Amino acid sequence: MLNYFAKIIVFILFLIIISCDATKRVPDGKYLLEKNKVIVNDKKTLKKEVISFLRQKPNQKVLGFPFSLHLYNLGNPDFKVRFKKLPKKEKKLTNFFSEKQVNALAKSYTGINGWFLKNGNPPVISDSIQIKKSVNSLYKYYISKGFFDVNVTYKEHKKDNKRSIVDYLITTKDQYFIDTITASIHSPVLDSIYNSTKEKSFIIKGNSIDYKNFEKEENRLIELYRNSGIYHFGRNIAGFWIDSLSASQDKNILLKIPNRIVEENDSLYSTPFKIQKIKKVNIFTDFSFNTKNQKPKDSVTYKGYTFYANKKLKYNPKYLANAIIIQPDSIYKDKERDLTRKHLRELQNFRPSIDIKYQENGDKSLTTNIYLTPLKKHTLGFDTEIYSSNIKPLGILGKFSWLNRNIFKGAEILEMSFQGSFLNTSKDDSKFFNAWEIGISSTLKIPRILFPGNTSKFIPKRMTPKTNIGLSINLQRNIGLDRQNITGGIDYTWQSLSTTNHKFELLNVQYINNENIENYFNIFNSEYEKLNVVSGILENSELQLDNTAILGFIERVFNPVNNFEITNPEEFLEVQKVDERRNILIEDVLVPVISYAYNYNNRENFNDNNFSAFTGRIISSGSVTSLFVKETAESGRKELFGLPIAQYLKTEIEYKKYWGINSNTSLVYRGFIGAAIPFGNSDDIPFSRSYRAGGSNDIRAWKTFDLGPGSEFNTLEFNTGSLKLTTNLEYRFKVINSIYSAFFIDAGNIWDITNSTVTNSKGKFNGFSSLKDIAIGSGFGIRYDFSFLVFRFDTGFKTYEPYLSSTNKWFQNYNFGNAVFNIGINYPF
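These remarks concern the structure in this document. As the structure is a computational prediction, the values presented were derived from the model and not from experiment.

So, how was this worked out
Residues numbered from 1 in each chain as written. Predicted model: local features only at pLDDT ≥ 70, side-chain atom pairs only at ≥ 80, totals over all residues. Heavy atoms only, no water. Phe/Tyr/Trp six-rings, centres within 6.5 Å; stacked < 30°, edge-to-face > 60°. Helix = DSSP H or I, 4+ residues; strand = E, 2+ residues; numbered from the N terminus. Buried < 20%, exposed > 50% of the residue type's maximum accessible area, 1.4 Å probe, protein only. Lys NZ or Arg CZ within 6 Å of the ring centre and 35° of its normal. 1 Å grid on protein atoms, 1.4 Å probe; cavity = no way out; pocket = protein on both sides within 12 Å on 5 of 7 lines; lining within 4 Å. Points joined across faces, edges and corners; volume = space filled by probe spheres on them. Nonpolar A, V, L, I, M, F, W, Y, C, P; charged D, E, K, R; others polar. Pairing = 2+ DSSP bridges.

### Looking at the packing of aromatic side chains
Enumeration according to the criterion identifies 39 aromatic pairs in this entry. Relative to F240, the ring of F214 lies with its centre 5.2 Å away and its plane at 45 degrees, an arrangement referred to as tilted. Of this pair, F214 sits in helix α8 (residues 211-226) while F240 is found in strand β6 (residues 239-242), placing the two residues 26 residues apart along the sequence. The class of F240 is partly exposed, set by a relative accessible area of 24%. One cation-aromatic arrangement involves K650 over Y691; the distance from NZ or CZ to the ring centre is 4.7 Å. Directly above the ring of F829 sits R732, whose terminal nitrogen or CZ lies 5.4 Å from the centroid.

### Some details on the layout of surface pockets
By volume, the largest pocket is sized at about 1100 Å³. Lining the largest pocket are 28 residues, and of these I51, K57, Q60, K61 and N662 sit closest to its centre. For the lining of the largest pocket, the elements supplying multiple residues, two or more each, are β1 (32-40), β2 (43-45), α2 (48-51), β27 (648-662) and β29 (723-736). The element best represented in the lining of the largest pocket is β1, accounting for five residues. Its residues placed into classes, the lining of the largest pocket shows eleven nonpolar, nine polar and eight charged.

### Here we look at the pairing of strand β23 (residues 589-601)
Two strands pair when backbone bridges link them, and strand β22 (residues 500-514) and β23 are joined in this way by eleven bridges, in the antiparallel orientation. Within the sheet, the bridge partner assigned to E505 lies in β23 and is S595. Of the pairings in the sheet, the one linking β23 to strand β24 (residues 611-621) comprises nine bridges and is antiparallel in character. Residue pairing across strands places N601 opposite A613, the latter belonging to β24.

### Quick word on the environment of D250
Assignment of secondary structure puts D250 in strand β7 (residues 250-257). D250 gets classed as partly exposed once you look at its relative accessible area, which sits at 38%. Between the C-alpha atom of D250 and that of Q60, which follows or precedes it by 190 residues, the distance is 42 Å.

Written out as structure tokens, the structure is:
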């Protein structure tokens, strides 16, 4: 009933909005800009680059509807509370209510009106001055593209309904092209460097003249020279001259680079540019504006670097020097300065505002001064959270963290955290909180490779190598199976290129111990229900929900004396599957992992929404550890500390592609495939390392664990597989201000590729024929951008359900009643 009335209210609001006149707030004699049309040589163009030069654009539309304009029109810029303008009515209200209540009512009316005006966008009024500026911008744009004889005019169509359409009419005529390129470079050093790289020039004979290519070439020369030791080279030194005397469509280009202009003793003179070397590198490790004029009290020199401190030097020079790419006795390079600043920031030991300055010496060499301001050595944090899930109906979590910077004087960071939660699991009504969970974790981040031997030849310091050592312990009581989880490991990360990152896990060991396996059938109640049905068939009685009774029944089913495997094969197989699933989930196991991950991302900056990313992972569990362990006589399996060693190989590939339609609209694709194969010591993949489908970052029309495997239909609380295929396509766009929306299609599923008998043939992957089992979900989402994070609410509808018994599996449950509502932080991919 609540959903029914909600739909009615939304529908009424929608009718109110669309019934509003778009020109409601357009003054008399003015016109609402309805549309711009750019016509080039009698053909309409929609090129984003051309449209971007228009000074005025119509109000933004969402699916063809100017939502923000109508929202604004619901408000009134000249608003005044009506009864405030009518003293008699205000007096009557004051007699009935108190004066304070009347003023509060007036304030609320004013606030609602202000909200409409703030969150909406006022009508874009057609302005002849802005139109003429647009004409001038379009003219300059086409000139920059080599159309030197272009003609740009406009025509405005004013309608009777106070709306206006503006046509921009462009006749380009012939385009001009590049003939010869000549360079006149006065400094011999610059001329030599240019000639050695001119094949990389953006100015190419036969190409059309394009001012953007001249800008690119200037930027290329600046980058080239400033990374070749030319410290004083900068912008507006190089110039390009186009031959304007020739009447030909092919123009000669002249590149001019004069000598450097130097001011000395109130006089100017020119001198050739020269390569300059860095003589000294000074690092001020505790710089402060309050003490900047004081002489440092402590200093240490290491391999040409001099470290200063106002008090006692707190950093080991050997290790801090690893983050400094600028080297003494080397030529000046811009990129080394930028990399040094980047590496020092990534240490998380100093404030981000790292200042690097160069001072020219009398012999024309350079001294580099690096100013670092340390962050606080210790940082404390505390956080609380209220949460809910299917196993944890209600919980309160508290987290305390402590961070220690430069713990071993090498810019290392030790972070320790303790978190605890009290929960209500609805198992004991006498206590509101009848369960708890605690976790302790510590991470040591070392800004270098910690490994026997010298790795700098393969991973030099310019690749920002890091070592991460972690240990975490998690304990539960009265939650699920009361799992005890201990995880520890060491991994290395480095960046070989600006687009490429690597991560190598030398060891990641996970110890899993389930303390309360007697609670299994209370947690996985669907498994008990299956056994209860079988009990009714085989023993004509209801099975008691008691662990001892249930295990006794399973034992009776498997007892050869009862001959159930022959007399009741279907029921016997059902019990066998339940027992095997139970053994998988309650098994205590040791998971020693070695892995490598390769990540490529060509995103240039935070505002770039047109890029791609690729991640590949190879994971091996137990391959190395099992070489040093023998099989036990009792189990016939390799065990360590009394636990079986999990052995499996896992490979994952993920690809993402972002197409930026404009600054606020994009189309995003994500594809993922992963497979895990057990071998040797294992017949199955550990539950915690298996694949699952569904959830707010996956196939959003199903909850996590609800989908799969394959077309198998079951009521298990947790469905897992050893093969996963997922694809997502999402269209994201801005609605108004910080509110965004999206339409999406998710497709995928999980399958079993092991020899396990738990999954029937419908859940097995049988080649391309199994692709018909791919589930499809679609839906829409609302997102609010807080600038530091994005709050996301997505609604997913089941579009294609492979597990349905009916012939038609499309749109059978495509409604709000069967929809899944997902809440997430930031984008799903």
